[in-house]
Amino acid sequence: QVQLVESGGGLVQAGGSLRLSCTASGNIFSVAVMGWYRQAPGQTRELVATITSGGNINYKDSVKGRFTISRDNAKNTVYLQMNSLKPEDTAVYYCQSVVVVTFNRGTYQYWGQGTQVTVSS
């Protein structure tokens, strides 16, 4: 089993900043990809940013220049620094990870429980 534990959500005014963290733990051989997705009420879940173990990064267009994803491979932790937040960034943010597990070297996708980010205007 692999668990993803998120932290760092909250309420912030427009233009403010928040930093999300997510740590993967459990039966991990390696973590190929870590990322963040979000889901606003009535909307489908969408990619925000992902980062591979080699450091390749992908961002949703609307967050480029405002959000920064990074990871600490030794700690199996991914961060999302969110600056210049806008009300349209309000959503539940989910950590996602693609993990190679130890017991069978299979590759599986895991999700965190989600953390609420609310940006007031």
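Residues numbered from 1 in each chain as written. Predicted model: local features only at pLDDT ≥ 70, side-chain atom pairs only at ≥ 80, totals over all residues. Heavy atoms only, no water.

### Observations regarding the environment of alanine 40
Stated formally: Secondary structure is summarised from DSSP: a helix means a run of H or I of at least four residues, a strand means a run of E of at least two, and numbering begins at the N terminus for each. In this analysis, two residues are considered to be in contact whenever any of their non-hydrogen atoms come within 4.5 Å of each other.
Note on placement: alanine 40 falls in the loop between strand S4 (28-39) and strand S5 (46-52). Dropping the residues within four chain positions of it, alanine 40 is found in contact with Thr90 and Ala91.

### Overview of the packing of aromatic side chains
Given two aromatic rings, one states the distance between the centres and the angle between the planes to describe the pair. Rules: Aromatic rings from Phe, Tyr and Trp, with only the six-membered ring used for Trp, were paired whenever their centres fell within 6.5 Å, and each pair was classed as stacked if the ring planes differed by under 30 degrees, edge-to-face if by over 60, and tilted otherwise. For each residue, the accessible area found with a 1.4 Å probe, counting protein chains only, is set against the maximum for its type, and the residue is called buried under 20%, exposed over 50%, and partly exposed in between. Counted as over-ring charges are cases with an Arg CZ or a Lys NZ within 6 Å of the ring centre that also lie within 35 degrees of the ring normal.
Going through the model one piece at a time under the given rule, you end up with 1 aromatic pair. Residues tyrosine 37 and tryptophan 111 carry aromatic rings whose centres are separated by 5.0 Å and whose planes lie at 70 degrees to one another, so their mutual orientation is edge-to-face. With tyrosine 37 in strand S4 and tryptophan 111 in strand S10 (residues 107-111), this residue pair connects regions lying 74 residues apart in the sequence. With a relative accessible area of 17%, tyrosine 37 lands in the buried category. Under the relative-accessibility criterion, tryptophan 111 is labelled partly exposed at 32%. Lying across the ring of phenylalanine 29, arginine 105 places its NZ or CZ 3.8 Å from the centre.

### As for the nonpolar core
This is how the line gets drawn: We call a set of buried residues a nonpolar core when its members are Ala, Val, Leu, Ile, Met, Phe, Trp, Tyr or Cys and they connect through side-chain atoms within 4.5 Å of each other.
Counting 29 residues, the largest nonpolar core has Trp36, Val48, Phe67, Val78, Leu80, Met82 and Tyr93 as its most contacted members. Mapped by element, the contributors of at least two residues to this core are strand S1 (2-7), strand S3 (18-26), S4, S5, strand S7 (67-72), strand S8 (77-82), strand S9 (91-101) and strand S11 (115-120). Sort the elements by how many residues they give to this core and S9 lands first, with 5 residues. Valine 78 has contacts with Leu20, Ser21, Cys22, Met34, Trp36, Ile51, Ile69, Ser70, Arg71 and Cys95, leaving out every residue within four places of it along the chain.

### A word on the side chain of aspartate 89
Here is the rule we go by: Between N or O atoms, a polar contact is any pair within 3.5 Å; within protein, one atom must be a potential hydrogen donor and the other a potential acceptor, and residues adjacent in sequence are included only when both atoms are from side chains.
Here aspartate 89 shows up in the loop between S8 and S9. Take aspartate 89: its relative accessible area is 0%, and that puts it in the buried class. A distance of 2.8 Å separates a polar atom in the side chain of aspartate 89 from the backbone nitrogen of lysine 86. For aspartate 89, the contacting residues outside a window of four places in its chain are Arg38, Arg66, Phe67, Ser84, Val117 and Val119.

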